[in-house]
Structures are given as structure tokens and as C-alpha cells.
Amino acid sequence: QVHMAESGGGLVQPGDSLTLSCVVSGGYFDRYTVGWFRLSPGKEREFVAATSWIGGSPYYADSVKDRFTVSRDNVKKTLTLQMNSLKPEDTADYFCAASNAYGVHDSRETRDYPYWGQGTQVTVSS
């Protein structure tokens with residue numbers, strides 16, 4: 001009975017920053033690999049960033065690795081995505097996701113994440 005809820009999306013200009021948050025209830029958060037995916041019109045859902053249940057090690061898509069920072073708080077059971085230097089191509093619906101599988105600690109595949117939030121919209125436009 002894992003529930004995830006994202007927040008923090010909005011409309012910003014290129015170069016601006018934005019912080020997304022995801023609150024997780026139920027399950028064992030500290031044992032989950034949790035991360036972010038995004039979906040844009042006409043494109044497939046793509047991996048953005050995640051943090052492993054093994055020591056919270058973060059990992060990123062190449063397109064965001066120098067601009068975004070993913071972090072987790074195992075006490076508050078929250079996941080955060082700090083986005084800097086936003087570009088128009090970052091425009092998408094952003095989803096947080098979690099995996100409760102022991103062997104999932106560095107996955108970038110949607111199929112490995114059984115738990116999902118409803119999404120929060122990020123629009124980057126001038």
C-alpha cells in the first residue's frame with residue numbers, strides 16, 4: 001500500500017530553478033530505490049534521476065546530470081529533485097516512482113518501478 005504524491009511544478013523561464021518534492025507513505029521507504037521520470041507530448045517516458053536504496057547513491061540521465069540534483073530523506077520519507085538552469089526541453093510532466101525490489105538499485109527502466117505518483121507539470125518557456 002505505497003502511495004506517492006508529487007508537488008512543486010510550475011511555469012518558469014529558461015535558466016530558472018525549480019524544486020520538485022515527492023511524499024511517500026506506506027511500505028519501507030528506506031529500502032526502496034526512488035526516482036524521477038518525465039513525459040512530454042510526442043515522446044516516450046524517460047528516466048531523469050534516482051537514488052538507490054543502497055546508501056542513497058544518486059544517478060542521473062546524461063541530459064540533466066550537470067543541472068539536476070536528486071536527494072532523499074529517509075526520516076521524512078520524501079524525495080526531492082532540485083532543477084537548475086532549466087531549458088525548454090525540460091518541459092514535461094514529472095513523476096516520482098519507487099521500486100521495492102532488492103536487486104533494483106541503479107535501474108533507469110520504467111518497468112522496474114511498480115509504484116508511481118500522479119505527476120506534476122513543469123513548463124519552461126520564455
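Right above here is the structure, for reference.
Remember, it's a predicted structure, so these values are computed and weren't measured experimentally.

(A) Main features of the state of the cysteines. If you walk through the whole model with that rule in mind, you get one disulfide. In this model, C22 is linked to C96 through a disulfide, with the two sulfur atoms separated by 2.1 Å. Judged by the torsion about the S-S bond (60°), the C22/C96 disulfide is right-handed. Of this pair, C22 sits in strand β3 (residues 18-25) while C96 is found in strand β9 (residues 92-99), placing the two residues 74 residues apart along the sequence.

(B) Looking closely at the environment of R111. Turning to its location among the elements, R111 is positioned in the loop between β9 and β10 (115-116). Exposure remark for R111: the relative accessible area of 71% places this residue in the exposed category. Between the C-alpha atoms of R111 and S52, which are 59 residues apart in sequence, the distance is 16 Å.

(C) Region of interest: the sheet that holds strand β7 (residues 68-73). Strand order across the open sheet formed by four strands is β1-β3-β8-β7, with antiparallel pairing between neighbours. Edge strands, defined here as strands with exactly one partner in the open sheet, are β1 (3-7) and β7. Shown here is a sheet whose adjacent strand axes are inclined to one another by a mean of 15°, direction ignored.

(D) Here's a closer look at the side chain of S40. Along the polypeptide, S40 turns up in the loop between β4 (33-39) and β5 (46-51). A relative accessible area of 14% places S40 in the buried class. Leave out the neighbours within four places in its chain, and S40 touches T91 and A92.

(E) Expanded view of the packing of aromatic side chains. Inspection of every chain in the model, using the stated rule, returns six aromatic pairs. Judged by centre distance (5.4 Å) and plane angle (15°), the ring pair of F47 and Y59 falls under stacked. Here F47, found in strand β5, pairs with Y59, found in strand β6 (residues 58-60); they are 12 residues apart in sequence, far enough to count as distant. Comparing F47 with Y59, the two get one shared label, buried. Counting every residue linked through ring pairs, the aromatic cluster contains F37, F47, Y59, Y113 and W116. In this structure, R31 is placed above the aromatic ring of Y28, and the distance from its NZ or CZ to the ring centre is 4.8 Å. Lying across the ring of F29, R72 places its NZ or CZ 4.7 Å from the centre.

What counts, and where the lines are drawn
Residues numbered from 1 in each chain as written. Predicted model: local features only at pLDDT ≥ 70, side-chain atom pairs only at ≥ 80, totals over all residues. Heavy atoms only, no water. Disulfide = S-S within 2.5 Å. Helix = DSSP H or I, 4+ residues; strand = E, 2+ residues; numbered from the N terminus. Buried < 20%, exposed > 50% of the residue type's maximum accessible area, 1.4 Å probe, protein only. Pairing = 2+ DSSP bridges. Axes fitted to C-alpha atoms, helices over the stretch in contact; angles between N-to-C directions. Contact = heavy atoms within 4.5 Å. Phe/Tyr/Trp six-rings, centres within 6.5 Å; stacked < 30°, edge-to-face > 60°. Lys NZ or Arg CZ within 6 Å of the ring centre and 35° of its normal.

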